[in-house]
Amino acid sequence: MKLFLDTAIVSDIEERVSTGLIDGITTNPTLIRKSGRDPWKVYTDIIELGVEDLSIEVNGESSKELIENAVCVNKNYGNVATIKLPCTIEGLKACKYLSNIGLRVNMTLVFTVSQSILCSLAGATYVSPFIGRMDDNSLDGIKLINDISNIYASNGVKTKVLAASVRDVQSVGVAFGVGADICTIPPKVFDDMASHVLTDKGLEQFNRDFLA
Ligand code: E4P
């Protein structure tokens, strides 16, 4: 059971990584755009925080282009970089090649069990089913995590299920409950996981009693 943070805001990452509870970071082109910064500088800053697993999405129409861009990312960031590829035929071809040469690949934008089967056959390190976007479209994101986890477990698949597009605290517990290996979560969801009104209330009372 591991938690990754899903953001490209370096200060947000620094604050949460300092807890020692975060095992990786996932980014995507939208998160990078929202940071308003040069992507390469963002990745360098994140790595300087001591992060050991950073998903970096690469772009390209063909598997050849995706592979070229992935190799370039790997040259710059070495083993810290996990190459993030879209779950398309070209993405799967690139995944197979990159996994064979020993790079970690995170297959993203996964919405069906069949896609997850192909990702595992392509040697992906991580498969990222998008819970929130499934739910946005009246599909059952948690059921997908459950189905993929069961199929992977019963077939001895090594690919890890990385629950993505997580929008609330409840989904984290439920995703781990149905077999997710990792949840990647926005900083706010991480903060929300640590807090409860009864913890605050109880602590207030205990602090008063310490002084009594
Ligand atoms: C995962 O790797 C993606 O970056 C992310 O979880 C997408 O989340 P969203 O659907 O909230 O944009």
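Residues numbered from 1 in each chain as written. Predicted model: local features only at pLDDT ≥ 70, side-chain atom pairs only at ≥ 80, totals over all residues. Heavy atoms only, no water.

What follows is about the site of the ligand. Close to the ligand lie Asp6, Thr26, Asn28, Lys84, Phe130, Arg133, Ala164, Ser165 and Arg167, which account for all nearby residues. Taken by itself the ligand offers 350 Å² of open surface, and the protein chains cover 86% of this. Here the residues of the shell around the ligand sort into 2 nonpolar, 3 polar and 4 charged. (Near = heavy atom within 4 Å. Areas by Shrake-Rupley, 256 points an atom, 1.4 Å probe, with all protein chains shown as cover. Nonpolar A, V, L, I, M, F, W, Y, C, P; charged D, E, K, R; others polar.)

With that settled, consider the packing of helix H4 (residues 63-77) against helix H5 (residues 89-100). A pair of packed helices is characterised by two quantities: the angle between their axes and the separation of those axes. Close contact between H4 and H5 brings their axes to 8 Å; oriented N to C, the two are set at 45°. Here H5 runs oblique to H4, going by the angle between their axes. Taken as a pair, H4 and H5 cross one another with a handedness that is right-handed. Contacts from Ser63, Leu66, Ile67, Ala70 and Val71 of H4 reach H5 at Glu90, Gly91, Lys93, Ala94, Tyr97 and Leu98. Its residues assigned to classes, the contact of H4 with H5 shows 7 nonpolar, 2 polar and 2 charged. (Axes fitted to C-alpha atoms, helices over the stretch in contact; angles between N-to-C directions. Helix = DSSP H or I, 4+ residues; strand = E, 2+ residues; numbered from the N terminus. Parallel < 35°, antiparallel > 145°, perpendicular 65-115°, else oblique. Left-handed = near helix turned anticlockwise from the far one by under 90°. Contact = heavy atoms within 4.5 Å.)

Structurally, the position occupied by Val189 is in helix H10 (residues 187-194). Residue classification places Val189 among the buried positions, given a relative accessible area of 4%. Along the chain, Val189 and Phe176 lie 13 residues apart, while their C-alpha atoms are 15 Å from each other. If near-sequence neighbours (up to four positions away) are discounted, Val189 is found in contact with Val166, Arg167, Asp168, Val169 and Val172. (Buried < 20%, exposed > 50% of the residue type's maximum accessible area, 1.4 Å probe, protein only.)

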